[in-house]
Amino acid sequence: MIAKAIEKVNALTAEKNPKKNPELAIGDIVRVYVRIKEGEKERTQIFAGDVIARDGKGITETFTVRRISFGVGVEKVFPFASPSIEKIEVTGHARVRRAKLYYLRNRTGKAARLRAL
């Protein structure tokens, strides 16, 4: 009975989320193109940074991107199934040994950078 319910949920989530997202790994350097609506106008904003975490499964899956903006660390959590995301572009990859890179929050300057391969 539970297996049938899980199958139904998986079918519904696949139906709701037809977008094919790139395989994001922790440590990837990405550019996320986000559609922003300001009044009547709509524009695309790019948020570029390092993927430091992935959470959830299925339609509720999210990824966290961190960047340094004017010396201040900025993190955004993006749902994969968000209709406001136009595209996700992977621009590089860094070799990491952790599933969550939260330790970067405590680092400043060059120590807060990931080395791209």
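Values in this document were obtained by computation on a predicted structure and should not be read as measured data. (Residues numbered from 1 in each chain as written. Predicted model: local features only at pLDDT ≥ 70, side-chain atom pairs only at ≥ 80, totals over all residues. Heavy atoms only, no water.)

Participant: Residues and numbers for the packing of aromatic side chains, please.
Facilitator: Overall, the coordinates contain three aromatic pairs when judged by the stated rule. One aromatic cluster in this structure is built from Phe-47, Phe-63, Phe-78 and Phe-80. Looking at Arg-67, its charged tip hangs above the ring of Phe-47, at a distance of 5.2 Å from the centre. Its end group placed over the ring of Tyr-33, Lys-87 keeps NZ or CZ at 4.7 Å from the ring centre. (Phe/Tyr/Trp six-rings, centres within 6.5 Å; stacked < 30°, edge-to-face > 60°. Lys NZ or Arg CZ within 6 Å of the ring centre and 35° of its normal.)

Participant: Which residues make up the nonpolar core, and what values go with them?
Facilitator: Residues Val-30, Val-32, Phe-63, Val-65, Phe-78 and Ile-88 are the most contacted members of the largest nonpolar core, which totals 19 residues. If you list the elements that add at least two residues to this core, you get β1 (28-38), β2 (41-55), β3 (62-69) and β5 (85-93). Take this core: its biggest share by element is four residues, from β2. With sequence-adjacent residues up to four places away left out, Phe-78 is seen in contact with Val-32, Val-34, Phe-47, Glu-61, Thr-62, Phe-63, Val-65 and Ile-85. (Core = buried A, V, L, I, M, F, W, Y, C linked by side-chain atoms within 4.5 Å. Buried < 20%, exposed > 50% of the residue type's maximum accessible area, 1.4 Å probe, protein only. Helix = DSSP H or I, 4+ residues; strand = E, 2+ residues; numbered from the N terminus. Contact = heavy atoms within 4.5 Å.)

Participant: Hey, could you go over the sheet that holds β1 for me, with residue numbers and the actual values?
Facilitator: Spatial strand order, β4-β3-β2-β1-β5: five strands in an open sheet with antiparallel pairing. Two strands in the sheet have a free side with no partner beyond their single neighbour: β4 (72-79) and β5. Going from strand to strand, the sheet's axes swing by 40° on average, the running direction of each strand aside. (Pairing = 2+ DSSP bridges. Axes fitted to C-alpha atoms, helices over the stretch in contact; angles between N-to-C directions.)

Participant: Give a detailed account of the pairing of β3, specifying residues and quantitative values.
Facilitator: The pairing of β2 with β3 spans five bridges and is classified as antiparallel. Bridge assignment links Val-51 to a residue of β3, and that residue is Val-65. In sequence, β2 turns back onto β3 through a hairpin of six residues, with Gly-56 there showing a positive phi of about 80°. Inspection of the sheet shows β3 paired to β4 by eight bridges, in the antiparallel sense. If you follow Thr-64 over to β4, its bridge partner there is Val-77.

Participant: Explain unusual backbone geometry residue by residue, including any values.
Facilitator: With the exception of glycine, most residues fall at negative phi, and the peptide bonds are largely trans. Positioned with a positive phi, Phe-70 is a non-glycine residue whose angle comes to about 55°. Structurally, Phe-70 is set in the loop between β3 and β4.

Participant: Requested: an account of the pattern of salt bridges, with residues and values cited.
Facilitator: Following the criterion strictly, the structure yields nine salt bridges and no others. Between Arg-31 and Glu-89 there is a salt bridge, with its nearest N and O atoms 3.6 Å apart. Residue Arg-31 is found in strand β1, and its partner Glu-89 is found in strand β5; the two are separated by 58 residues along the sequence. Lys-87 is the partner of Glu-89 in a salt bridge, and the nearest nitrogen-oxygen pair spans 3.6 Å. Classification of Glu-89 by relative accessible area gives partly exposed; the value is 28%. Since its relative accessible area comes to 43%, Lys-87 is described here as partly exposed. The network of salt bridges with common partners includes Arg-31, Lys-87 and Glu-89. (Salt bridge = Lys/Arg side-chain N within 4 Å of Asp/Glu carboxyl O.)

The analysis is restricted to geometry; functional conclusions fall outside its scope.
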